[in-house]
Amino acid sequence: MENPSRPIFLWILFGLSVNIALAALSVRPSDTVSVVGTETYFDCASTIKNQSIEWYHYPIGTSEQKLVYGHNRFHLPYLGRFHLKVYNMTGAYRSNLLITDVTEGDAGVYECQDDGGLGNKSQAQLTVLHSEPLCSSNMTSGEVIVGVNNCGFTPEAVKFSCSVKYTGKTPPTLEWIRVGQNAPLADGVAFNRTSDTVTADLTLEGVSSTDGQSFTCRAAKTSTSTEFFSCSSGVVSIWHATNKFSLTEKKLNESVNCEEENSVHRSLCSYEWTKSDSKGEAVVSTEPAMRPDSLGLYRCTINCTVKRQPCSINRMMVNVVDPGSMNGFLLQTTTQTYEASYKSAFIVVLILFIILIILIVGLGAAVFICRKKKRQYRNANSLMMEENNEKKGEIQKLQNELEEERRKYNKLKSNVGVEYLAKPKLRGIIKTAASSSENKSIKGVALFNNELYIISQKESKVEVYDSTSLQLCRTWKQEELTCPEDACACIRNRCLYISENKQHVKEILRIDPNGKIINKWQTGNEVCRLSVSSDATVVAVVHDNSKLMEYSADGNHIRTHDLSLVNIEHPMHALKLRTGNYLIIHGYLEDTIHRMCEMDVGSNRIAKSFGREKGRGDDQLSNPSCLAVDREGSVMVADATNGRIVLLGSNFEFKRKIVTKEDGINIPTRILLDEFNRTLYVGDYKSNDRVLYAFEIE
C-alpha cells in the first residue's frame, strides 16, 4: 500500500527547491570610501518579496565574521550608529544599511545574505579615511612671478601636495585636476604610499600664464563612482608686468587709457594720473582711463605690490594741446582721364607739376610738424627726468612709511579674534507692541543700518527699533502681510526679504527699508526660515516637504535640493557657506534625529554633523530652531526645547553653552548675531511674555 504522506513531502520539497532557485540578489553592495565622522551606506536587494536579508561585518585584520543585523534586530556593538531601512519593491525586497558617524573600526568587508544564508550573498569593501584630502602649497603668498619685469623679479616654480590617511586594505585613488577639466594630470605628479597614508605631489616647473587657476586633489569614493572627496589649492595668481613707457599727444576731452592689457595683475595695482603746470604737480585721477579738461602735461604711474614689495611703473606721458595746433594736411588726388592726343599733353604735364608742388609742400609741412613734436617729446622727457629726480627721495620716504603702516596693520589684524564672555551681559529687552497687546510671538528679526526690523505672528505691522538704544523708531503697516514667517536683510542690495504663508499663496516679498515693495515671487511651498548668502542669494527651507530652495536677489529660481535624499527631515533653518555647502538644522518633536549638519553640494551627501538622537546632553539637541555664524566660522545654535544657545567650533566640536535659562531665556526660537555691536539678539517664546533679549557676548 502506498504511503499517503509521500505526495505531501514531495510537494514541500518541490516548493523549497523552487524558492531556493528563484531567490537571488538583484542589487549587490559596492565598494566605497568614507571619511571619519560622516555617513555611508550599503544597498542590497533580493528578488523574493518579503525575503529576510542579514548583514555581516569582517573587520580589518581578522577573518572573523560578526553579525550586524539578523532576526529583525541589530546585534551589539552595532546599535546606535547603524540603521536599517527596508522596503518592498515590485518583485524585490530591498535593504539599506546606513552607518552614521563613521569610525576607523567600521572599516572592513560587509556582506549581505538573503533568507538566512541560502547561498546568495555578496561582499563590499569599506575604506575609511581619517580625514578628507589635505592640500598644501609651497607658495608664501598667492602670487607667482611669470617672466621678467622692471622690478627685478624672476620666474618661480610651484609645488602642491595632497595627502590622505586611510584604514583598510585598499588605498583610495588620489589624482590632481585643473578646475574646469575632468582628466587627471599625469606630468609632474609623484605618488608615495605607506601602510596608512597616500600622498600625491604636483610640481609645476615652468609656470606660465595658463596656470593662473585652481588645482584640485580628489579621492575617489568608489572604484567606479564619479563622486569624490576633494580639496583645492590656492589660486595661482600670475604676475607679469613690463615697463612699456609711451609718449603721446591728445586733444582736450579726448579719452586716454594707461592700462596695459594682460600685463599687470589688477587686484595688486593702483593707478595715478598727475598733471604738471606752472603751479606744480597735482593728482587728477586714480582710474586707468580719464579725459583731460585743461591744457598741460599729464603722467600716469602704476603702483603695484608684488611679494609684499612695492613696484612703481611709469607707464605714460601725455601732452594735451590746443586742437588747432594738431591740424594736418589732407592730400586728395583726383585723377581724370583725358584723350591721348598731342593737344592735351600740356594740360597733363601742368596737372602733374601741380601735384608735385603739393607733395613737396606737404612733405615740408610733415617735416616741420615732426621736428616740433620731437622737441615737445624731448622737453616732456627732460621734465619727467627732472621730476623723477626730485620725487625720488619723497617716493622712498613714502614707501618706507607705507611698509611701516602695513606691518602695524598686519600685527593688529593678527591680534583681532573672537573672544566671548564667560557670562553674557543683558543689554536690554524689547517687548513689541504685538506682544504687549495680544501676546503674539516674534517671527523674524533683521538688522540693517543699525536698525532692527521685527515681524510678529499673524501681524501686518513691521516694528523698527534702534539697535543701540533698543527704542522704537517707527512702524508701518504692510498690507501684503497676514501670516509672516521669517525675515532677513541683504546689505549689498539694501533690502529686506519676508516670507509670507497665506492660506492659498506662499510667497517671498522683497521690501526696501521704508516698506516699499520692490518685487515678490511665489514659492509653491510653505517656507519656514530665510537667510541671505555672501553672494546675495536667498536661501529658504520648506519644513514639511524637507526641501531647500535658492533664489537670486530678484526672485529667479536657481536650484532646489530634496533633503530627504540625505536623511534630513523637517529642516528648520539653513545658511549657505562661502564654500558653497549648506549648513542645515533639522529635527522636530518626535523625529529620531535632531542635529546640525553640513551638506556637500558636490556629492549631495552629509560632510559632517553635530547631534544625534533628541536629548539634553552636550552632544545632543532638541528641536533646534535657528543658526548664526561668526567671522571665525564658529556656529551658534538655538536649542529651543533645552532652553539654551550652544556654541560650536568650525569643525562642529562642542565649546560651551553661551546663553542658558539662567540668563532669563526659556524657549529660544530666533537668534541674530550683530558682531559690530558685539550683541546676540534672542527671540524667546514664553507662555505669557514673548520678548527679544539683547545680550552682550563679546
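Residues numbered from 1 in each chain as written. Predicted model: local features only at pLDDT ≥ 70, side-chain atom pairs only at ≥ 80, totals over all residues. Heavy atoms only, no water.

Asks: Looking at this model, I keep getting lost on empty space enclosed by the protein. Mind explaining?
Replies: Rolled over the atoms, a probe sized like a water molecule indicates the empty space that remains. Under the criterion given, the structure shown has two cavities of 30 Å³ or more. What the largest cavity holds in volume is close to 90 Å³. At three residues, the largest contribution of residues to the lining of the largest cavity is made by strand β43 (residues 605-610). Here the residues of the lining of the largest cavity are counted per class, giving four nonpolar, three polar and five charged. (1 Å grid on protein atoms, 1.4 Å probe; cavity = no way out; pocket = protein on both sides within 12 Å on 5 of 7 lines; lining within 4 Å. Points joined across faces, edges and corners; volume = space filled by probe spheres on them. Helix = DSSP H or I, 4+ residues; strand = E, 2+ residues; numbered from the N terminus. Nonpolar A, V, L, I, M, F, W, Y, C, P; charged D, E, K, R; others polar.)

Asks: What's the story with a positive patch on the surface in this structure? I'm lost.
Replies: A grouping of R371, K372, K374, R375 and R378 is seen on the molecular surface, where their side chains present a positively charged patch. With respect to the helices and strands, R371 occurs in helix α2 (residues 345-415). Accessibility expressed as a relative area gives 57% for R371, which makes it exposed. (Patch = residues over 30% accessible without salt bridge, like charges linked within 9 Å, V, L, I, M, F, W, Y side chains within 5 Å. Areas by Shrake-Rupley, 256 points an atom, 1.4 Å probe, with all protein chains shown as cover. Salt bridge = Lys/Arg side-chain N within 4 Å of Asp/Glu carboxyl O. Lys, Arg positive; Asp, Glu negative; His and termini not counted. Charge placed at Lys NZ, Arg CZ, Asp CG, Glu CD. Buried < 20%, exposed > 50% of the residue type's maximum accessible area, 1.4 Å probe, protein only.)

Asks: Quick question: what am I supposed to make of the sheet that holds strand β39 (residues 557-562) here?
Replies: Each strand in a sheet pairs with its neighbour through backbone hydrogen bonds, running either in the same direction (parallel) or in the opposite one (antiparallel). Sheet architecture is open: four strands sit in the order β36-β37-β38-β39, paired in antiparallel fashion. A strand with exactly one partner marks an edge of an open sheet, and here the two such strands are β36 (527-532) and β39. Going across the sheet, the axis of each strand differs from the next one's by a mean of 20°, ignoring polarity. Note: strand β38 (residues 547-551) against β39, five bridges, orientation antiparallel. Paired with Y551 across the strands is H557, a residue of β39. (Pairing = 2+ DSSP bridges. Axes fitted to C-alpha atoms, helices over the stretch in contact; angles between N-to-C directions.)

Asks: Looking at this structure, I do not really get a nonpolar patch on the surface. What am I missing?
Replies: A surface patch of nonpolar side chains, about 950 Å² in accessible area, is lined by F346, I347, L350, F353, I354, L356, I357, I358, I360 and V361. Positionally, F353 belongs in helix α2. Assessed through its relative accessible area of 49%, F353 is described here as partly exposed.

Asks: What should I look at first to understand the side chain of E111 in this one?
Replies: Position of E111 among the secondary structure elements: in strand β9 (residues 108-114). Despite its burial, E111 pairs with no opposite charge, the nearest such side chain being K121 at 4.3 Å. Here the side chain of E111 touches Q123 through a polar contact of 2.7 Å, side chain to side chain. Excluding anything up to four places from it in sequence, E111 contacts E54, W55, Y56, Y58, Q65, K121, S122 and Q123. (Polar contact = N/O pair within 3.5 Å; in protein donor to acceptor, adjacent residues only side chain to side chain. Contact = heavy atoms within 4.5 Å.)

Asks: Explain the layout of surface pockets to me, please; I cannot follow it from the model alone.
Replies: In this model, the largest pocket occupies a volume close to 1,400 Å³. Taken together, 47 residues line the largest pocket, and the ones lying closest to its centre are V532, L575, V629, L672 and L673. Those elements that provide at least two residues to the lining of the largest pocket are β28 (442-448), β32 (484-490), β36, β40 (571-576), β44 (624-629) and β48 (668-674). Of the residues in the lining of the largest pocket, the class split is 24 nonpolar, eleven polar and twelve charged. Space inside the second largest pocket adds up to approximately 1,200 Å³. The wall of the second largest pocket is formed by 38 residues, among which E39, L98, T100, N567 and R595 lie closest to the centre. Looking at which element gives the most residues to the lining of the second largest pocket, the answer is β43, with five residues. Classifying every residue of the lining of the second largest pocket gives ten nonpolar, 15 polar and 13 charged.

Asks: Which parts of the structure should I look at to understand the state of the cysteines?
Replies: Two cysteines form a disulfide when their sulfur atoms are joined by a covalent bond. Enumeration over the complete set of coordinates arrives at two disulfides. The partner cysteine of C44 in its disulfide is C112, sulfur to sulfur 2.2 Å. Taking the sign of the torsion about the S-S bond as the criterion, the disulfide between C44 and C112, at about 60°, is right-handed. A residue pair is termed long-range when its members are at least 10 positions apart, and C44 in strand β3 (residues 40-46) and C112 in strand β9 qualify at 68 residues. You'll find C44 and C112 in the same group, each marked buried. Across the disulfide from C162 sits C217; the S-S distance is 2.1 Å. Its S-S torsion of approximately -70° makes the covalent link between C162 and C217 left-handed. (Disulfide = S-S within 2.5 Å.)

Asks: What's the story with unusual backbone geometry in this structure? I'm lost.
Replies: Generally, phi is negative for residues other than glycine and the peptide bonds are trans, each holding for most cases. Unusually for a residue other than glycine, N449 sits at a positive phi of about 50°. Inspection of the secondary structure puts N449 in the loop between β28 and β29 (451-456). For N449, a relative accessible area of 51% gives the class exposed. The backbone phi angle of N604 is positive, close to 55°, even though this residue is not glycine. Mapped onto the secondary structure, N604 falls in the loop between β42 (595-600) and β43. With relative accessibility at 32%, the residue N604 sits in the partly exposed group.

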